[in-house]
Amino acid sequence: MEFNLDLTNKVVVITGAGGIICGGIAKALAPSKAKIAILDLNLEAAEKVASEVNAIGGTAKAYKANVLEKASLEEVKEAINKDFGTVDILINGAGGNNPRATTSNETNEVGVTYEKDFFALDESGVRFVFDLNFLGTFIPTQVFAKDMLGKKGCSILNISSMNAFTPLTKIPAYSAAKAGISNFTEWLAVHFAPSHIRVNAIAPGFFVTNQNRALLFKEDGTPTARTEKILAATPMKRFGEIDEIMGAVKLLLSEENASFITGTVIPIDGGFNAYSGV
Ligand code: NAD
């Protein structure tokens, strides 16, 4: 059954909304009557999503924003306040991994030479991934949650990941940063409970998007060994479809249905997190 979310007169800010998951969330929110601010470093991608939302009867506008630059976010907030009003809902979607923070080998054996092992990881790549995923949620929350103080029905949704529960091999910075996001979600939920701001997260399992395509498929489109391992560890034996994220998103954003839900991280993973592999 379709779950209709009513966000009439609500202003929703989505970061990383030019991307696959958050662009999908923006489109799923189009019928809710929310006014949606589509933020992305890539303005062209944000504009494409905004026009798609508007084409299906929603209200959206694209803004170029870097989640790591507070001053740029404050400027964007001013523009959003002028265009739509003060912010009610923030979805912290910008994030992702980077090859510079990825090892070539899953485990380390003494005496074996690897293309790029743990010891060769570039510190600046690790910092890039940690900043994007952790500070990229922290800073926008500082900027946009200010608008929520003193209002009712406000909430924040963060995007964690499977690797927050148990780290995935090869991606230590991304795993640690997403564990930080789950932890920060709980911290914010406690901190803002008296201010009536609910804070939750979703932890998507495996969905094919721009940031992980190269890890999942070879250049010729055939699955990598990692894809085979992921599917073997996913009891439903498939990747998720972007639409399958929307039920949890709509539930968590719904004041009517989730008024007592705060500080949760909901896995959307085809059973990956529940499966020990045996
Ligand atoms: P994506 O690459 O399609 O989208 C990410 C978007 O963030 C891009 O449009 C990019 O331009 C934008 N972005 C990057 N740096 C930015 C910055 N500094 N400021 C503003 N925008 C910036 O990836 P996606 O898979 O849709 O990722 C969305 C979120 O979901 C991320 O937080 C990611 O870590 C998380 N996630 C993805 C998966 C998956 O399987 N794809 C699983 C778990 C969690």
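First, a word on scope: everything that follows refers to the structure included in this document. (Residues numbered from 1 in each chain as written. Predicted model: local features only at pLDDT ≥ 70, side-chain atom pairs only at ≥ 80, totals over all residues. Heavy atoms only, no water.)

Digging into the site of the ligand
Within the structure, the ligand sits among 30 residues, and I21, D40, N66, Y174 and T209 are positioned closest to it. When isolated, the ligand has an accessible area of 840 Å², and the protein chains bury 90% of it. Elements with a minimum of two residues in the shell around the ligand: α1 (20–29), α4 (123–144) and α5 (172–192). Taken together, the residues that form the shell around the ligand break down as twelve nonpolar, 16 polar and two charged. (Near = heavy atom within 4 Å. Areas by Shrake-Rupley, 256 points an atom, 1.4 Å probe, with all protein chains shown as cover. Helix = DSSP H or I, 4+ residues; strand = E, 2+ residues; numbered from the N terminus. Nonpolar A, V, L, I, M, F, W, Y, C, P; charged D, E, K, R; others polar.)

Notes on the packing of helix α3 (residues 70–83) against α4
Two elements in contact, α3 and α4, have axes separated by 10 Å at closest approach and are oriented at 40°. Considering their axes alone, α3 and α4 lie oblique with respect to each other. Like other packed secondary-structure pairs, α3 and α4 cross with a definite hand, here right-handed. For the pair α3 and α4, the contacting residues are K70, L73, E74, K77 and I80 in the first and I139, P140, Q142, V143 and F144 in the second. Of the residues that constitute the contact of α3 with α4, the class distribution is six nonpolar, one polar and three charged. (Axes fitted to C-alpha atoms, helices over the stretch in contact; angles between N-to-C directions. Parallel < 35°, antiparallel > 145°, perpendicular 65-115°, else oblique. Left-handed = near helix turned anticlockwise from the far one by under 90°. Contact = heavy atoms within 4.5 Å.)

Section: the environment of I20
Tracing the backbone through its elements, the reader meets I20 in helix α1. Classification of I20 by relative accessible area gives partly exposed; the value is 31%. Spatially, the C-alpha atoms of I20 and I242 are 7.8 Å apart, while their sequence positions differ by 222 residues. Ignoring sequence-local partners within four residues, the contact set of I20 consists of V208, T209, N210, R213 and I242. (Buried < 20%, exposed > 50% of the residue type's maximum accessible area, 1.4 Å probe, protein only.)

Looking at unusual backbone geometry
Of note in this structure, K33 is not a glycine but carries a positive phi near 70°. You can see K33 is positioned in the loop between α1 and β2 (35–40). Residue K33 is classed as exposed on the basis of its relative accessible area of 58%. In this model, H196 sits at a positive phi of 60°, which is unusual for a non-glycine residue. Position of H196 among the secondary structure elements: in the loop between α5 and β6 (197–204). By relative accessible area, which is 47% here, H196 ends up partly exposed.

Thoughts on the nonpolar core
Counting residues in hydrophobic clusters, the biggest one holds 33 residues, and the most contacted among them are I14, I25, L29, I36, I38, I91 and I202. If you list the elements that add at least two residues to this core, you get β1 (11–15), α1, β2, α2 (43–55), β3 (59–64), β4 (89–92), β5 (154–159) and α8 (246–253). Those residues within four positions of I25 in sequence are excluded, and the remaining contacts are I14, I91, I159, M246 and V249. Listed in part, the 25 residues of the second largest apolar core include A65, V87, V143 and F144. (Core = buried A, V, L, I, M, F, W, Y, C linked by side-chain atoms within 4.5 Å.)

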